[in-house]
Amino acid sequence: TGSRADRAATQVHDIGLEVIKNETGETGFKVLVGGGLGRTPIIGSVIREFLPAKHLLTYLDAILRVYNRYGRRDNKYKARIKILVKAWTPEVFAEKVEAEWQHVKDGPATLTDAEIARARSFFSHPAYEDQLPDESRTTELLANKAFEKWRDRNVRPHKVSGYCAVFLSLKPTGVAPGDVTDGQLEAIAELADRFSFGEARVTHQQNVVLADVRVQDLPQLWQEARAHGFATPNIGTLTDMICCPGGDFCSLANAKSIPIAEAIQRRFDDMDYLYDLGDLSLNISGCMNACGHHHVGNIGILGVDKKGQEFYQIQLGGSAGTDAALGGVLGPSFLANEVPDVVEKILQTYVELRIEGERFLDTQRRVGLEPFKESVYAKAA
Ligand code: SF4
């Protein structure tokens, strides 16, 4: 990630890199290893606080050499960097990497300034216009509540004055999270061509970003995005879920995911309620492989199989961002038709316990799992 707000989930990957500057202003990387989800979820560990940019490839090479030599190739379930880091401890893994690095450091793969400049040339900025207004020009729309909500939730500031980044939400109620039709893909391509220098980015949260939109074009883009079903103003809210294909499509699944997502979308379709809840992530996986990142959702839902019947385990407190954490299991799992009620009780508990300005994750971390357990598993009087 190159941002302080980690949007690349770097702490839950085999290798994570955070672009930083050291105290002298030199650009380099903080290096993490051993993160991952799936059947063995682990938050990655920092093995180097600052790696000068020129050493990036040789240092990564050293990590791969260590893993290649000592990794568990005898067992496909354990053939991951995270297993080796866990077995050795991050400190020992770091020592091995540093020792290995001495063999390749300053070798032919060291990045020269010319090579970095060559690589950078492939990522040149689009032809931004100077002195664009920071406001939308269709002033009559500025008083439109629906436009305002969309702008608040789905538009982000840009480092270039007069531009912004726009999320096209692929999470309308009644559609599998992240799904688009072929016709919608054509529409996204056209919107990208007309509004964002021909570039569209897919996010790991299963949405699309138009990264370079002129602020003055927002009203026009909003109207067109709305016509194609991309303007649900729910980015970062409960219904902006990550959901895997689950049992409807995946042969590895223990349970269906998409009907659970839809039941939650339909139960919590009131935007004012979603805005009151604020930033909240809910992730769903149909089995322990965790393609839906349930471990790092503020609310995580995992499909499990119990004697041939589909059940759902709930986890709370996960995060994939800068404050990455794995969720804790709430308790015994639930039948599919119980899940929306369970989510509702969790949300009610949050609303009752939160203090001014506290996100769901902050409240859950402050009070722990217990109050949520009490509310969800309370016996009817
Ligand atoms: S989490 Fe499991 S069910 Fe879902 S897509 Fe991955 S392998 Fe399939």
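Parameters and conventions
Residues numbered from 1 in each chain as written. Predicted model: local features only at pLDDT ≥ 70, side-chain atom pairs only at ≥ 80, totals over all residues. Heavy atoms only, no water. Domains from an automatic or database assignment. Core = buried A, V, L, I, M, F, W, Y, C linked by side-chain atoms within 4.5 Å. Buried < 20%, exposed > 50% of the residue type's maximum accessible area, 1.4 Å probe, protein only. Helix = DSSP H or I, 4+ residues; strand = E, 2+ residues; numbered from the N terminus. Contact = heavy atoms within 4.5 Å. Pairing = 2+ DSSP bridges. Salt bridge = Lys/Arg side-chain N within 4 Å of Asp/Glu carboxyl O. Axes fitted to C-alpha atoms, helices over the stretch in contact; angles between N-to-C directions. Parallel < 35°, antiparallel > 145°, perpendicular 65-115°, else oblique. Nonpolar A, V, L, I, M, F, W, Y, C, P; charged D, E, K, R; others polar. Left-handed = near helix turned anticlockwise from the far one by under 90°. Phe/Tyr/Trp six-rings, centres within 6.5 Å; stacked < 30°, edge-to-face > 60°. Lys NZ or Arg CZ within 6 Å of the ring centre and 35° of its normal.

### Notes on the domain arrangement of the protein chain
Part 1 of the reasoning: Partitioning the protein chain into domains gives domain 1 (10-121), domain 2 (139-227) and domain 3 (242-377).
Part 2 of the reasoning: Domain 1 and domain 2 are separated by 35 Å when their C-alpha centres are compared.

### A look at the nonpolar core
Part 1 of the reasoning: Counting 32 residues, the largest nonpolar core has Leu 238, Ile 264, Leu 282, Ile 299, Ile 301, Ile 314 and Ile 346 as the members making the most contacts within it.
Part 2 of the reasoning: For this core, the secondary structure elements donating two or more residues are helix H9 (258-267), helix H10 (271-277), strand S9 (282-285), strand S10 (299-306), strand S11 (309-316), helix H11 (339-353) and helix H13 (370-377).
Part 3 of the reasoning: Top element by residues in this core is H11. It accounts for 6 residues.
Part 4 of the reasoning: Setting aside residues up to four positions removed in sequence, Leu 282 forms contacts with Leu 238, Met 241, Ile 242, Ile 264, Ile 299, Ile 301 and Val 343.

### Regarding the sheet that holds strand S4 (residues 155-157)
Part 1 of the reasoning: The strand order across the open sheet formed by 4 strands is S4-S5-S7-S6, and the pairing between neighbours is antiparallel. Two strands lie at the open edges of the sheet, namely S4 and strand S6 (201-202), each paired on one side alone.
Part 2 of the reasoning: In terms of strand pairing, S4 meets strand S5 (residues 163-168) through 3 bridges, oriented antiparallel. Across the sheet, the residue bridging to Arg 156 is Ala 165, located in S5.

### What about the pattern of salt bridges?
Part 1 of the reasoning: Enumeration according to the criterion identifies 24 salt bridges in this entry.
Part 2 of the reasoning: Salt-bridge contacts for Arg 65 lead to Glu 100; the nearest nitrogen and oxygen are separated by 3.2 Å. Residue Arg 65 is located in helix H1 (residues 56-70), and its partner Glu 100 is located in helix H3 (residues 90-104); the two are separated by 35 residues in the primary sequence.
Part 3 of the reasoning: Assessed through its relative accessible area of 7%, Glu 100 is described here as buried.
Part 4 of the reasoning: What emerges from the salt-bridge pattern is a single network uniting Asp 61, Arg 65, Arg 69 and Glu 100.

### Details of the sheet that holds strand S2 (residues 27-33)
Part 1 of the reasoning: An order of S1-S2-S3 is seen for the 3 strands of this open sheet, with the pairing classed as antiparallel. Both edges of this open sheet fall to strand S1 (15-21) and strand S3 (45-52), since each of them pairs with a single strand only. Averaged over all pairs of adjacent strands, the angle between strand axes in this sheet comes to 25 degrees, irrespective of strand direction.
Part 2 of the reasoning: Lying on the sheet, H3 is in contact with S2 and S3; it crosses S3 at an angle near 30 degrees.

### Considerations on unusual backbone geometry
Part 1 of the reasoning: The backbone of Ala 9 shows a phi angle near 50 degrees, a positive value even though the residue is not glycine.
Part 2 of the reasoning: Inspection of the secondary structure assignment puts Ala 9 in the segment before S1.
Part 3 of the reasoning: Non-glycine residue Thr 89 carries a positive phi angle of around 85 degrees.
Part 4 of the reasoning: Note on placement: Thr 89 falls in the loop between helix H2 (81-88) and H3.
Part 5 of the reasoning: According to the relative accessible area criterion, Thr 89 is partly exposed, its value standing at 34%.

### Some points on the packing of H11 against helix H12 (residues 360-367)
Part 1 of the reasoning: Look at H11 against H12: their axes get within 10 Å of each other, and the N-to-C directions meet at 80 degrees. With respect to H12, the axis of H11 lies roughly perpendicular. On H12, the residues that touch Ile 346, Tyr 350 and Leu 353 of H11 are Phe 360, Thr 363, Arg 366 and Val 367.
Part 2 of the reasoning: Residue composition of the contact of H11 with H12, grouped by class: 5 nonpolar, 1 polar and 1 charged.

### Focus: the packing of H9 against H11
Part 1 of the reasoning: It is at 9 Å that the axes of H9 and H11 come closest, and there the two elements cross at 50 degrees. Between H9 and H11, the interaxial angle falls into the category oblique. The two elements H9 and H11 meet at a crossing, and its hand is right-handed. For the pair H9 and H11, the contacting residues are Ile 260, Ala 263, Ile 264 and Arg 267 in the first and Val 339, Pro 340, Asp 341, Val 343 and Glu 344 in the second.
Part 2 of the reasoning: The class makeup of the residues in the contact of H9 with H11 is 6 nonpolar, no polar and 3 charged.

### A word on the packing of aromatic side chains
Part 1 of the reasoning: Within the structure shown, the criterion is met by 12 aromatic pairs.
Part 2 of the reasoning: Relative to Trp 150, the ring of Phe 147 has its centre 6.0 Å away and its plane inclined at 35 degrees; by these criteria the two rings are tilted. Of this pair, Phe 147 and Trp 150 both sit in helix H6 (residues 145-154), 3 residues apart, which is roughly one turn of that helix.
Part 3 of the reasoning: Accessibility expressed as a relative area gives 0% for Trp 150, which makes it buried.
Part 4 of the reasoning: Of the aromatic side chains, those joined through ring pairs into one cluster are Tyr 70, Trp 88 and Phe 93.
Part 5 of the reasoning: Cation over ring: Lys 105 sits above Trp 101, and NZ or CZ is 4.8 Å from the ring centre.

### A look at the side chain of Asn 283
Part 1 of the reasoning: With respect to the element layout, Asn 283 can be found in strand S9.
Part 2 of the reasoning: For Asn 283, the contacting residues outside a window of four places in its chain are Ile 242, Gly 292, His 293, His 294, Val 296, Gly 297, Ile 299, Gly 300 and Ile 301.

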